[in-house]
Amino acid sequence: MNKDQLLKKRYRAEKRFKFYGLVSITLAILFVIFLVNVIFSKGRAAFQRTTIAVEVNFNTEELELSSNASIEEIQDADFYDLSINSLLKLYKTEGAKQEKELLRVFSPDHDIEIKNFLIKNLDNLNKNVIVNLTTSDDIDQLHKGNYPRHLPEERRRISDFQLLIYDQLVKENKVNKVFNTFFFTNGDSRNPEVAGIGGSLFGSFFTIIITLILSFPIAIFASIYLEEFAPKNRITDFIEININNLAAVPSIVFGLLGLGILLGTFDLPRSTPLVAGITLSLMTLPRIIIPCRASLKAVPPSIREGALAVGASKVQSVMHHVVPLSIPGTLSGTIIGLAQALGETAPLILIGMVAFVVDIPATPIDPSASLPVQVYLWSEQAERGFVEKTSATIMVLLSFLIVMNFIAVYLRQKFEKKWS
Amino acid sequence: MVMINNKVKIKTTNLNVYYGDKQALNDVNLEIHSKEVTALIGPSGCGKSTYIRCINRMNDVIDICRVTGSIEIDGNEINKKEIDVVSLREKIGMVFQKPNPFPKSIYDNVSYGPNIHGLAENKVKMDEIVETSLKKAALWNEVKDRLNEPGTSLSGGQQQRLCIARAISVNPEVILMDEPCSALDPIATAKIEELMDELKKSYTIVIVTHSMSQAVRVSQRTGFFHLGKLIEVDTTEKIFKNPNNKMTQDYITGRFG
């Protein structure tokens, strides 16, 4: 082969290589677009809730309340009869079957919704007010255009009579779509129309805070000690190998550890953010230590020598010069480690966070769900409402992860600018 | 005729240094005289840098390094465990091959040493130390208006002078310079050499250099190292005009190395 041919061959190889790179990047982008598209198209609807305007007369006598009732008094009152009466006025019904069908247009907790409305708007006592009540999941889906109403009646859960009611109410402009605040404020529920991620948001929040408090200081001190002070011998080599191995251990193994030791031996409360936080700290520690050590190692030795040469002690040279320079890498490593912990599901399932928890946790030792586990729980449900809520929860989780990663990038750039 | 000072500042006797199994210095006996510039020359890897790093115990940083023999400063043995390296390094400053200012402001670079040793009781005193150090390092006029800018924003030559200012800020007795000009252009080099002439009035200076002409220009005494051994040490004039050893002769005339 002469020189010309060789040169051409090299150029061809270069073009081929570029082409492969372009193809893989295009594929990756297509996958991301596909993923985001699927999640958005399914999850978008969960941020809206269908309501029907119902006239309610908050008559104190009918509610057996005093004329200027306090919140506590209202809280204890029974709104069921008032609620039923208001709903039945919406449409003319004949017989118990039709009454039942009319009530089933609404979410089962309509009386509590009415009560909560009154508690928020106390001045409506003794007045006739229009209240927007949440519809059942089926009507919600029907209004969002996801319900197969052309099917014969026996294959639908919505009866012909309910369709009649619905069409009439739509004609009267009583059916509305509002922003679904329930999705963010409510806990889990068997009824998809009122189920929310409020509980899992708090659960995840408590879990991440505990993970941060436990893993950050330990990881920082461990990496500074190992990198700057520990003698290089067999023991430290052994520790280093173990840290690297631990970072690669499947997360479910940490779940087993939490189950066996935290729940089994120490008898900590099951399904709580406390246990989840400790378990995830164990998992996150090596994942933070590794980038922290890398960023300490990246500080040029000349800086250490410069400090030592003017008479700084070892601790001073590390704390005054090396650690400040490693802050960007340390912080972004920590945040990315925490982001991984936030999205972790398997270990949480093992320590019982997979339980159905309706209440929103007030402390880290209350039973609670967490965002990824909520996704897992809802993904098993057949109702269309849960399907869209699963995607919506994924959207919330992903946006948290994206925000955390952006913070990591921002901190890295901010501190790096400061030092150069 | 150059004035030769006869007061010995640093004296090493049978100094041996090992990196693991490898011997880097072999029975080095060298006397460094007070308030003059001693140049150490020799081919790469001959142990010059290792030698000066023994004087301020910088080799302690290297785990596998072992130093035997005696190093005396003003007659006091420093190569023993009980010696406090922190106060030793306060007395013996060092300037490195590559300028290594801290990634902090110019002011903080100079004030760091006095700060950790508690040399200034207040801000006014500190300002004074920073100013005199920078003046001694012939950098004051160039940076006096931008003391808060990062030290890393200076040019290479300025950075090296900043490192010299940092070294003299703690008022040392000895300044060790490990090829301080090897990363600098000729103009910056000339400035540093000029500065050394000035500094030797108050400090004992040991400089490692690869440049024969630099050794001739700045030093009063020169030691020639080869393969971990001190081959010859004498006044610079003698070494470069009429060395006793054939190897020295060959090295300074460029026949090897």
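Residues take numbers from 1 onward in each chain, read along the sequence in its written order. The naming scheme follows written order: chains are lettered A onward, ligands numbered 1 onward. Owing to the predicted nature of the model, reporting of local features is limited to residues with pLDDT of at least 70; listing and counting of side-chain atom pairs is limited to 80 or more, with chain, interface and lining totals taken over all residues. Excluding hydrogens and water, the side-chain values take into account all heavy atoms of the structure.

Asks: Describe in detail the overall build of chain A, supporting the description with residues and values.
Replies: Summing up its helical and strand segments, chain A has 17 helices and three strands in all. Throughout, radius of gyration means the C-alpha value; the globule benchmark is 2.2 Å times the number of residues raised to the power 0.38. Computed over its C-alpha atoms, the radius of gyration of chain A comes to 30 Å, more than 25% above the 22 Å expected for a compact globule of 420 residues. To sort residues, take the accessible area from a 1.4 Å probe on protein chains only and compare it with the maximum for the residue type: under 20% means buried, over 50% means exposed, and anything in between is partly exposed. In chain A, which comprises 420 residues, the proportion classed as buried is 45%. Here a residue-residue contact requires only that any non-hydrogen atoms of the pair lie within 4.5 Å. Residue pairs at least 24 apart in sequence account for 75% of intrachain contacts in chain A once pairs closer than 6 positions are excluded. We treat Lys and Arg as the positive residues and Asp and Glu as the negative residues; His and chain ends play no part in the count. The atoms used to mark charge sites are NZ of Lys, CZ of Arg, CG of Asp and CD of Glu. The averaged location of the 41 negative side-chain charges in chain A is 18 Å from the averaged location of its 42 positive side-chain charges. Here a strand is any run of E in DSSP of at least two residues, a helix any run of H or I of at least four, and the numbering for each starts at the N terminus.

Asks: Can you explain the overall build of chain B? Please cite residues and give values.
Replies: Secondary structure assignment for chain B yields 10 helices and 10 strands. Taking 2.2 N^0.38 as the reference for a compact globule, 257 residues should give roughly 18 Å; the C-alpha atoms of chain B span a radius of gyration of 18 Å, in line with that estimate. Principal-axis analysis of the C-alpha atoms gives chain B an extent of 55 × 40 × 35 Å. In chain B, which comprises 257 residues, the proportion classed as buried is 54%. Sequence-distant contacts in chain B: of pairs separated by 6 or more residues, those separated by 24 or more amount to 68%. Per-residue accessibility takes into account occlusion by the displayed protein chains alone, with areas from the Shrake-Rupley method and a 1.4 Å probe. Accessible surface, chain B: about 11300 Å² in total, of which carbon and sulfur atoms supply 49%. Measuring between centres, the 33 positive side-chain charges of chain B sit 2 Å from its 32 negative side-chain charges.

Asks: Tell me about the sheet that holds strand β8 (residues 204–208) of chain B, and please be specific about residues and values.
Replies: All names here are of chain B. The six strands are arranged β6-β7-β8-β3-β9-β10 in an open sheet whose pairing can be described as mixed. Each edge of the open sheet carries a strand with a single partner, namely β6 (92–95) and β10 (229–235). Sheet twist, expressed as the average angle between the axes of neighbouring strands with direction ignored, equals 15°. Strand contacts of helix α6 (residues 156–168): β6 and β7 (174–178), with the helix running at about 170° to β6, the strand carrying the most contacts. Convention adopted: a line fitted to C-alpha atoms gives each axis, helices being fitted over their contacting stretch, and angles between N-to-C directions are expressed from 0 to 180 degrees. In the packing of helix α7 (residues 186–199) onto the sheet, the strands contacted are β3 (37–41), β7 and β8, and the crossing angle to β8 comes to about 150°. Here, any two strands with at least 2 DSSP bridges between them count as paired.

Asks: Can you break down the pattern of salt bridges residue by residue, with the values?
Replies: Salt bridges, as used here, are contacts in which a Lys or Arg side-chain nitrogen is within 4 Å of a carboxyl oxygen on Asp or Glu. One pass over the structure, following the stated rule, counts 26 salt bridges over all chains. Taking the shortest distance from any N to any O, the salt bridge between lysine 144 of chain A and aspartate 140 of chain A comes out at 3.0 Å. Residues joined by salt bridges that share partners form a network here, namely Lys7, Lys9, Asp74 and Glu173 of chain B.

Asks: A description of the interface of chain B and chain A should follow, citing residues and the corresponding values.
Replies: In this assembly, 24 residues from chain B lie in contact with 19 residues from chain A. A simple way to read buried area is as the amount of 1.4 Å-probe accessible surface that goes missing from two parts once joined, with both sides added. Both sides of the chain B and chain A interface together cover about 1800 Å² of buried area, and 61% of this is carbon and sulfur. For arginine 53 of chain B, the salt bridge identified is with glutamate 305 of chain A, shortest N-O distance 2.9 Å. We call two N or O atoms a polar contact when they sit within 3.5 Å, provided that within protein one can donate a hydrogen and the other can accept it, with sequence-adjacent residues counted only if both atoms are side-chain atoms. Here chain B is connected to chain A by six residue pairs in polar contact (both at pLDDT 80 or more). Here the element with the most residues in the side of chain B that touches chain A is helix α3 (residues 106–117) of chain B; it accounts for four residues. For this classification, the nonpolar set comprises Ala, Val, Leu, Ile, Met, Phe, Trp, Tyr, Cys and Pro, the charged set comprises Asp, Glu, Lys and Arg, and every other residue, Gly included, is treated as polar. When grouped by side-chain class, the residues that make up the side of chain B that touches chain A number 13 nonpolar, five polar and six charged.

Asks: How would you explain a negative patch on the surface if you had to name every residue and give the values?
Replies: Only residues whose relative accessible area exceeds 30% and that take part in no salt bridge are eligible for patches, with like-charged residues grouped when within 9 Å of each other and nonpolar side chains (Val, Leu, Ile, Met, Phe, Trp, Tyr) grouped when within 5 Å. A cluster of acidic side chains, namely Glu62, Glu64, Asp78 and Asp81 of chain A, defines a negative patch on the protein surface. By the secondary structure assignment, aspartate 81 of chain A is in helix α3 (residues 80–88).

Asks: Help me get a handle on the side chain of glutamate 179 of chain B, residues and values and all.
Replies: Residues and elements named next belong to chain B. Take glutamate 179: it is sitting in the loop between β7 and α7. Buried within the structure, glutamate 179 lacks any salt-bridge partner; its nearest side chain of opposite charge belongs to lysine 48, at an N-O separation of 4.9 Å. Every residue in contact with glutamate 179, bar those within four places of it in the chain, is listed here: Phe96, Gln97, Val208, Thr209 and His210.

Asks: Give a detailed account of the packing of aromatic side chains, specifying residues and quantitative values.
Replies: The rule is short: rings of Phe, Tyr and Trp, with Trp giving its six-membered ring, pair when the centres are within 6.5 Å, and they are stacked under 30 degrees, edge-to-face over 60, tilted in between. Scanning the model with the defined rule gives 13 aromatic pairs over all chains in all. Centre to centre, the rings of phenylalanine 58 of chain A and phenylalanine 117 of chain A are 6.2 Å apart; their planes meet at 15°, and the pair counts as stacked. Of this pair, phenylalanine 58 of chain A sits in the loop between β1 (48–57) and α2 (71–76) while phenylalanine 117 of chain A sits in helix α5 (residues 110–120), and the two are 59 residues apart along the sequence. Looking at phenylalanine 117 of chain A, the relative accessible area reads 22%, which means it is partly exposed. Through pairs of rings, three or more aromatic residues link up here, namely Phe47, Phe179, Phe183 and Phe184 of chain A. Directly above the ring of phenylalanine 356 of chain A sits arginine 190 of chain A, whose terminal nitrogen or CZ lies 3.8 Å from the centroid. Over the face of the ring belonging to tyrosine 18 of chain B we find arginine 66 of chain B, whose NZ or CZ atom lies 4.5 Å from the ring centre. By the criterion adopted, a ring carries a charge over it if an Arg CZ or a Lys NZ lies within 6 Å of its centre and within 35 degrees of its normal.

Asks: Now, about the packing of helix α9 (residues 198–229) of chain A against helix α16 (residues 371–379) of chain A: what can you tell me, with residues and values included?
Replies: Residues and elements named next belong to chain A. Contact pair α9 / α16: the axes reach a minimum separation of 8 Å and the direction vectors enclose 145°. Contacts between α9 and α16 involve Ser200, Leu201 and Ser204 from the former and Leu371, Pro372 and Gln374 from the latter. Taken together, the residues of the contact of α9 with α16 break down into three nonpolar, three polar and no charged.

Asks: Outline the sheet that holds strand β3 (residues 175–179) of chain A, supporting the account with residue identities and numerical values.
Replies: All names here are of chain A. Strand order in the open sheet formed by three strands is β2-β1-β3, and the pairing between neighbours is antiparallel. Lying at the two open borders of the sheet, with one neighbouring strand each, are β2 (128–134) and β3. Taken pair by pair, the neighbouring strands of this sheet meet at an average axis angle of 45°, ignoring direction. Contacting β1 and β2, α3 crosses the sheet at an angle of about 100° to β1.

Asks: Got a sec to walk through the side chain of serine 251 of chain A? Specific residues and values, please.
Replies: Along the chain, serine 251 of chain A falls in helix α11 (residues 251–265). A distance of 2.8 Å separates a polar atom in the side chain of serine 251 of chain A from a polar atom in the side chain of glutamate 344 of chain A.

Asks: Would you mind going over helix α10 (residues 234–247) of chain A in detail, with residue names and values included?
Replies: Residue pairs three or four apart in sequence face the same way in an α-helix, which turns once every 3.6 residues. With 14 residues, α10 of chain A extends 20 Å from end C-alpha to end C-alpha; this agrees with the ideal 20 Å at 1.5 Å per step. The backbone nitrogen of isoleucine 235 of chain A lies 3.1 Å from a side-chain oxygen of the residue at the head of α10 of chain A, namely asparagine 233 of chain A. The span expected for a helix works out to 1.5 Å for each residue beyond the first.

Asks: Mind laying out a nonpolar patch on the surface, listing which residues take part and the relevant values?
Replies: Residues and elements named next belong to chain A. A grouping of Phe19, Tyr20, Val23, Ile25, Leu27, Ile29, Leu30, Phe31 and Ile33 is seen on the molecular surface, where their side chains present a nonpolar patch of about 930 Å² in accessible area. Along the chain, isoleucine 33 turns up in helix α1 (residues 3–43). Owing to a relative accessible area of 52%, isoleucine 33 belongs among the exposed residues under this scheme.

Asks: A description of helix α13 (residues 301–309) of chain A should follow, citing residues and the corresponding values.
Replies: All names here are of chain A. Across the nine residues of α13, seven count as buried, placing the element largely inside the fold. Within α13 the residues assigned to the buried category are Ile303, Arg304, Glu305, Gly306, Ala307, Leu308 and Ala309. Immediately beyond the C-terminal end of α13, within one or two residues, lies glycine 311, with a positive phi of roughly 95°.

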